[in-house]
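# Topology and contacts: notes
Each chain is listed here by its residues.
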Amino acid sequence: MKTTIRLLRIAALLALALAPSARAQEAYAITGAKVYTLAGPPIENATVVIRDGKIVAVGADAKAPAGAKVIDAKGLEIYPGMFDPWSELGLAEVGAVAATVDTTELGEFKPQLVAGTAVNPASAHIPVVRASGITHVLTAPGGGTIAGQATIMNLAGWTMDEMAVRRSAAMVINWPALQPRGGGGGGAAFRARTFTEIKQEYDKRVQELGDWLERARHYAQAAEKGSAAKFDRDLKLEALVPVVEGKLPVLVLARGAREIRDAVNFCEKQKVKMVLADATEAWKVKDLLKQKNIPVILPPTQSLPREEDDPYDRSFTQPAELVAAGVKIAFSSTAYEFARRLSQQAGVAVAYGLPHDEALKAVTLYPAQMFGIDKELGTIEPGKLANLIVTTGDPLELRTEVRYLFIKGQLTSTDNKHRQLWEEYRKRP
């Protein structure tokens, strides 16, 4: 009898786990809003219909299906959910507490590591970020020359299986830098190094990176032969095979103009797909980036210029300068503490010459295109995942509020720790 009861309980649990929840089957109709699809001109007084996690209809003549939950959005605006394409969200909680930080692993070459494995879905940062209108992010590992694989995830779900959009979205490469100083070891004081020493170390790192990719090509060839070839399985080389086959882009972090040029030439020679990030001096090589069709993920615009002789507003004006040159850009937070400021990074660039439409696309459509998920996300069109925000106005404006937030078609709470603390302390006598 006990065995039978136990089996029945297990069967019931399996049925609950495998069957779609009633909530997952909910349909919504958001009516009366101005819809910025980013796939065409805005649509006045429109309706967006959502069912089974996807957008099924958009337009002024779209009708709410029977049984759908209707949200009256008259006077509000609807936009695609924003995408932060370079962050550490979910990998760190409190920077000063090492036990809560999982952004970096030991080693110089770690292509087999996947960021999503270490993500904490219960991070207190996630509700704060999504309340700002960000529905999905790319979270990336750090440290070493090959840091590992970045993961694109939605900002709602109990587990990574529920959150993942692409577990492996890009291979992160920290491009070697020409460091002017070197450590003496064992806590000894830093010493100045000659340019010859600096260049030798730089060339060695680049050569090692090329060697890894070449070895991955040989590994792929051996794997194609199947049982006819005997070789030991290598997880690192196995992880690099999609890179050398052109199936997985490389997210190359390079700041200076010289490093950017070298990285572009290297990726062209290796025939790998490159997305440039952390490019504070991209403006210096904008013609090369346009010529080679290299997209750029910018670091926060609200930052100091790289060089002491640069204009104070160099970070503010770079986005407009790159777009004017024909370079596709996206904005990013680079970290986790201030990922919520993504829209502000784009808004500042608009104030310094970036066209507003380009700024909107640089936090929605363009980063989706960079990582090949634009068929699923980035615009409001039938068939795409329903990652949407319903706002009181322009999401790039600081005063705009997110009234409703949808992730994978589900109405998602905007409650978060910041709001809870505000509510608590505003009642203080």
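Quick note: structure is the one above.
Overview of the structure.

Cut-offs and rules
- Residues numbered from 1 in each chain as written.
- Predicted model: local features only at pLDDT ≥ 70, side-chain atom pairs only at ≥ 80, totals over all residues.
- Heavy atoms only, no water.
- Pairing = 2+ DSSP bridges.
- Helix = DSSP H or I, 4+ residues; strand = E, 2+ residues; numbered from the N terminus.
- Axes fitted to C-alpha atoms, helices over the stretch in contact; angles between N-to-C directions.
- Contact = heavy atoms within 4.5 Å.
- Buried < 20%, exposed > 50% of the residue type's maximum accessible area, 1.4 Å probe, protein only.
- Salt bridge = Lys/Arg side-chain N within 4 Å of Asp/Glu carboxyl O.
- Polar contact = N/O pair within 3.5 Å; in protein donor to acceptor, adjacent residues only side chain to side chain.
- Core = buried A, V, L, I, M, F, W, Y, C linked by side-chain atoms within 4.5 Å.
- Parallel < 35°, antiparallel > 145°, perpendicular 65-115°, else oblique.
- Left-handed = near helix turned anticlockwise from the far one by under 90°.
- Phe/Tyr/Trp six-rings, centres within 6.5 Å; stacked < 30°, edge-to-face > 60°.
- Lys NZ or Arg CZ within 6 Å of the ring centre and 35° of its normal.

## Some words on the sheet that holds strand β8 (residues 146-154)
An order of β6-β7-β8-β9-β12-β13-β14-β15 is seen for the 8 strands of this open sheet, with the pairing classed as mixed. If you trace the sheet from one side to the other, it starts and ends with β6 (82-87) and β15 (329-331), each paired once. Mean inter-strand twist for the sheet, computed between neighbouring axes without regard to direction, equals 25 degrees. Relative to β8, strand β7 (residues 134-139) runs antiparallel, the two sharing 4 bridges. Bridged to V137 within β8 is M153. On top of the sheet, helix α6 (residues 257-270) reaches β12 (250-253) and β13 (274-277); it is set at about 165 degrees to β13, its chief contact.

## What about helix α9 (residues 342-351)?
Counting buried positions along α9 yields 7 of 10 residues, so the element is predominantly enclosed. The set of residues buried in α9 consists of L342, S343, Q345, A346, G347, V348 and A349. Against the buried residues of α9 lie β6, β7, α8 (314-324), β15 and α10 (356-361).

## As for the pattern of salt bridges
Counted by the stated rule, this structure contains 16 salt bridges. One salt bridge in this structure joins E376 and R166, with 2.6 Å as the shortest N-O distance. Here R166 lies in strand β9 (residues 164-174) and E376 lies in the loop between α11 (365-370) and β16 (388-391), a separation of 210 residues in the sequence. The shortest N-O distance in the salt bridge between E268 and K292 comes to 3.0 Å.

## Topic: the environment of E197
Relative to the helices and strands, E197 is located in helix α4 (residues 195-224). You can call E197 partly exposed: its relative accessible area is 31%. A distance of 3.1 Å separates a polar atom in the side chain of E197 from the backbone nitrogen of T194.

## Topic: the side chain of T103
Within the secondary structure, T103 is located in the loop between β6 and α2 (125-130). For T103, the side chain forms a polar contact with the side chain of T104, separated by 3.4 Å. Beyond its immediate sequence surroundings of up to four residues, T103 is in contact with E88, L91, A92, P141 and G142.

## Quick notes on the nonpolar core
Grouped together as the largest cluster of nonpolar side chains are 82 residues, with contacts concentrated most on L289 and F331. No other element matches the 9 residues that α4 contributes to this core. Formed by 23 residues, the second largest nonpolar core is a distinct cluster that contains F83, L253, V275 and I373.

## Describing the packing of α4 against α6
At a minimum axis distance of 12 Å, the contact between α4 and α6 shows a crossing angle of 25 degrees. Classified by the interaxial angle, the pair formed by α4 and α6 is roughly parallel. Crossing angle aside, the handedness with which α4 passes α6 is right-handed. On the side of α4, the interface is formed by F195, K199, Y202, V206, L209, G210, L213 and R217, while α6 contributes R258, E259, D262, F266 and Q270.

## Things to note about the packing of aromatic side chains
Applying the stated criterion to the full structure yields 5 aromatic pairs. Consider the rings of F109 and W212, whose centres lie 5.4 Å apart with planes at 25 degrees: the pair is stacked. With F109 in the loop between β6 and α2 and W212 in helix α4, the pair connects residues that are 103 residues apart, well separated along the chain. In this structure, F109 and W212 share a single accessibility class: buried. One Lys or Arg, R215, reaches over the ring of W212 and ends 4.5 Å from the middle of that ring. Across the ring face of W283, the terminal group of R314 is positioned such that the distance to the ring centre comes to 3.8 Å.

## Some thoughts on the pairing of β16
Covered by surrounding structure in β16 are L388 and V390 together with I389 and T391, the residues of both alternating faces. In this structure, strand β5 (residues 77-80) lies alongside β16, joined through 4 bridges in antiparallel fashion. Residue pairing across strands places E77 opposite T391, the latter belonging to β16. Where β16 lies against strand β17 (residues 402-407), 4 bridges are found, and the strand directions are antiparallel. In the strand pairing of β17, I389 is matched with L405.

From the geometry alone we can't say anything about function, so treat these as descriptive.
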